[in-house]
Amino acid sequence: MAHVCIHWFRKGLRLHDNPALMSALRGCQEIYPLFILDPCIHNKDTLGVNPWRFLMGALQDLDGSLRKLNSRLFVVRGKPQDVLPQLFREWGVSRITYEYDTEPYSRSRDRKVSELAKEHGVEVVYKISHTLHDIDRIIEENNGKAPLTYVRFQTVLKALGPPKRPIPAPTVQDMKDVKTQCLENHYGLPSLEELGHDLSCLQDALFPGGEEEALRRLEENMQRTGWVCSFEKPQTAPNSLSPSTTVLSPYVTFGCLSARTFWWRLSDVYQGKKHSAPPVSLHGQLLWREFYYTASVGVPNFDRMLDNPVCTQIDWDTNPEYLAAWREARTGFPFIDAVMTQLRREGWIHHLARHAVACFLTRGDLWISWEEGQKVFEELLLDGDWALNAGNWLWLSASAFFHQYFRVYSPVAFGKKTDKHGDYIKKYLPVLKKFPVEYIYEPWKAPLSVQKAAGCIVGKDYPSPIVEHDVISKKNIQRMKTSYAKRSQVVSESPQPKKGAKRKAPSVLDMLKNNNSKK
DNA sequence: TACTCCGTTGCAGCT
DNA sequence: AAGCTGCAACGGAGT
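First things first, this report covers the structure right here in the doc.

Rules behind the numbers
- Residues numbered from 1 in each chain as written.
- Chains lettered and ligands numbered in written order.
- Predicted model: local features only at pLDDT ≥ 70, side-chain atom pairs only at ≥ 80, totals over all residues.
- Heavy atoms only, no water.
- Phe/Tyr/Trp six-rings, centres within 6.5 Å; stacked < 30°, edge-to-face > 60°.
- Buried < 20%, exposed > 50% of the residue type's maximum accessible area, 1.4 Å probe, protein only.
- Lys NZ or Arg CZ within 6 Å of the ring centre and 35° of its normal.
- 1 Å grid on protein atoms, 1.4 Å probe; cavity = no way out; pocket = protein on both sides within 12 Å on 5 of 7 lines; lining within 4 Å.
- Points joined across faces, edges and corners; volume = space filled by probe spheres on them.
- Helix = DSSP H or I, 4+ residues; strand = E, 2+ residues; numbered from the N terminus.
- Nonpolar A, V, L, I, M, F, W, Y, C, P; charged D, E, K, R; others polar.
- Near = heavy atom within 4 Å.
- Polar contact = N/O pair within 3.5 Å; in protein donor to acceptor, adjacent residues only side chain to side chain.
- Axes fitted to C-alpha atoms, helices over the stretch in contact; angles between N-to-C directions.
- Left-handed = near helix turned anticlockwise from the far one by under 90°.
- Contact = heavy atoms within 4.5 Å.

1. Quick look at the packing of aromatic side chains
For the coordinates displayed, the defined rule picks out 36 aromatic pairs. Measuring from centroid to centroid gives 5.6 Å for Tyr405 and Phe406, while their planes differ by 75°, and the two rings are edge-to-face. Residue Tyr405 is classed as buried on the basis of its relative accessible area of 14%. Each member of the aromatic cluster is reached from another via a ring pair, and the members are Tyr150, Phe153, Trp288, Phe291, Tyr292, Phe302, Trp386, Trp395, Phe401 and Phe402. Against the face of Trp264 rests Arg165, its NZ or CZ located 3.7 Å from the ring centre. For the cation-ring pair, Arg224 lies above Trp227, with the distance from its terminal atom to the ring centre recorded as 3.9 Å.

Here is the structure:
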């Protein structure tokens, strides 16, 4: 019997390498490609204007591509568990397909939807295509635990072999027996205004959303074979005037570009040539993504400090003034403020720029919890991927994965290495553009006469630095040392085995393992 | 258990 | 220019 099918797009906003969509088309007489605007995810507080616009672009592109296949995208608003049962009845649906999503919110949502589907006699089909591998298989291969080091992660992946090859997008031929009721004037695309953002200060999108742009951008980058083969992430500049990396991350985050398509396209370029290797290569970057996805599945409460077994417990300060200064680009450190300005304005900043501002907010200078930084990044980044965002904040704050807390980024020195004239600062903070090169990273050191000549008085036209970095960073290293000392105490004080008992004291790793097997 | 080795991306100062 | 050292010193993983 032929099916009436909903393919539910959530991430995976693409037609290429979309196995769940292909499953929808098999034995299907009628398809409803669907996107649900979920108030829990798509709201003004958690989704800033830039990522919202990116999503709009991606949906528009998807609708256009589906129309070329004589179909369209249907957009509805509401909680999926409320909306879907109505649509099941209204459209006479017999099957729903979607891409598997590992995020905790998505998993609980999908569990509820699965139950509702069963109640309505709707078959549920889901496929793995957001990650290179089946994340649960990686954890299984590592004895039920998420690997906590990249080296270990690579060893585990070797046992699994290379990722699956991507599959092509459906063609008109694939769709020839599949109808879509077009229902024009219903289920239309959302508008940019819909979330109620202020659009007046919005500049043209540097990175427009959508699969077409994603594949164009991929090809554009892959043409530069020498650059691709010699790519080493730590050697790329955080403060070049145009991006020094691919900026494919927003497209991978929303699934406009398949990670597997990216992986195999890189393999094509590498073929027969000498090339860089993980962790620094472009393949290595995709593996970092996979690493954090695996950790986010294997570690409970991954995006929090409390009850997160891999996260060092640190006595972060509550300091709304410092936090506001950081997020609003008025710390008085031009490099930090320029990065935060670029983030807010354009929605993308280089990975090392993220390091610099993340270190500054947390263990380096302001001693504010990484969870606060995580929220700001989540709102403003085009590539605010839940697992990567949490994982990188854990890393940078030296709360997990990375432990050399005595390596502190200098808000003055770090940027100078790759932009000694401060052109990047002048681009994003034009108020400083007349400062002489020698003061551009430290304008408060300029004599008043120089400040006057530059038309910018520090403390009036541009803020004075909110902390004394050299002093505070040394103090903070000592605070880190204290937190780490407590950490090892906690581990050694964990319950000892009773005499004669075979079981060892549960370590952090055992806790992880137990949590995982309970699932 | 105790030990070594090593870790995508620190900084300042030196050669 | 790239690569070393001293700074004060971490944990995970393997032996």
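2. Topic: the layout of surface pockets
Volume-wise, the second largest pocket comes out at about 980 Å³. Lining the second largest pocket are 40 residues, and of these Ile41, Glu103, Glu378, Gly384 and Trp386 lie nearest its centre. Mapped onto the lining of the second largest pocket, the elements with two or more residues apiece are β1 (3-9), β2 (28-37), α2 (49-68), α4 (104-119), α12 (320-327) and α15 (370-380). Considering each element in turn, the lining of the second largest pocket owes the most residues, seven residues, to α15. In terms of residue class, the lining of the second largest pocket is built from 18 nonpolar, six polar and 16 charged.

3. So, the protein's contact with DNA strand B
For DNA strand B, the set of nearby residues contains 19 residues, the closest of which are Trp288, His355, Trp395, Ser410 and Lys417. A share of 39% is what sugar and phosphate atoms reach among the atoms of DNA strand B within 4 Å of the protein. Within the side chain of Gln285, an N or O atom sits 3.2 Å from a base oxygen of DNA strand B. Between DNA strand B and His351 there is a distance of 3.4 Å, counted from a base oxygen to a side-chain nitrogen or oxygen. Going through the elements one at a time, α11 (282-298), α14 (351-364) and α17 (413-416) are the ones with two or more residues in the surface near DNA strand B. Here the surface near DNA strand B takes three residues from α14, the largest share from any one element.

4. A short note on the packing of α15 against helix α16 (residues 386-396)
It is at 10 Å that the axes of α15 and α16 come closest, and there the two elements cross at 145°. Crossing of α15 over α16 shows right-handed handedness. For the pair α15 and α16, the contacting residues are Trp370, Gly373, Gln374, Phe377 and Glu378 in the first and Trp386, Asn389, Ala390, Trp393 and Leu394 in the second. Along the lines of polarity and charge, the residues of the contact of α15 with α16 split into six nonpolar, three polar and one charged.

5. Considerations on empty space enclosed by the protein
With the rule as written, the count across this model stands at three cavities of 30 Å³ or more. In this model, the largest cavity occupies a volume close to 70 Å³. In this structure, the largest cavity is lined by Tyr100, Asp101, Thr102, Ile128, His130, Thr131, His133, Asp134, Ile135, Asp136 and Tyr293. Here the lining of the largest cavity is composed, by residue class, of four nonpolar, four polar and three charged. The space that makes up the second largest cavity amounts to roughly 60 Å³. What lines the second largest cavity is Asn50, Arg53, Phe54, Ala205, Leu206, Phe207, Glu346 and Leu382. Looking at which element gives the most residues to the lining of the second largest cavity, the answer is α2, with three residues. Here the lining of the second largest cavity is composed, by residue class, of five nonpolar, one polar and two charged.

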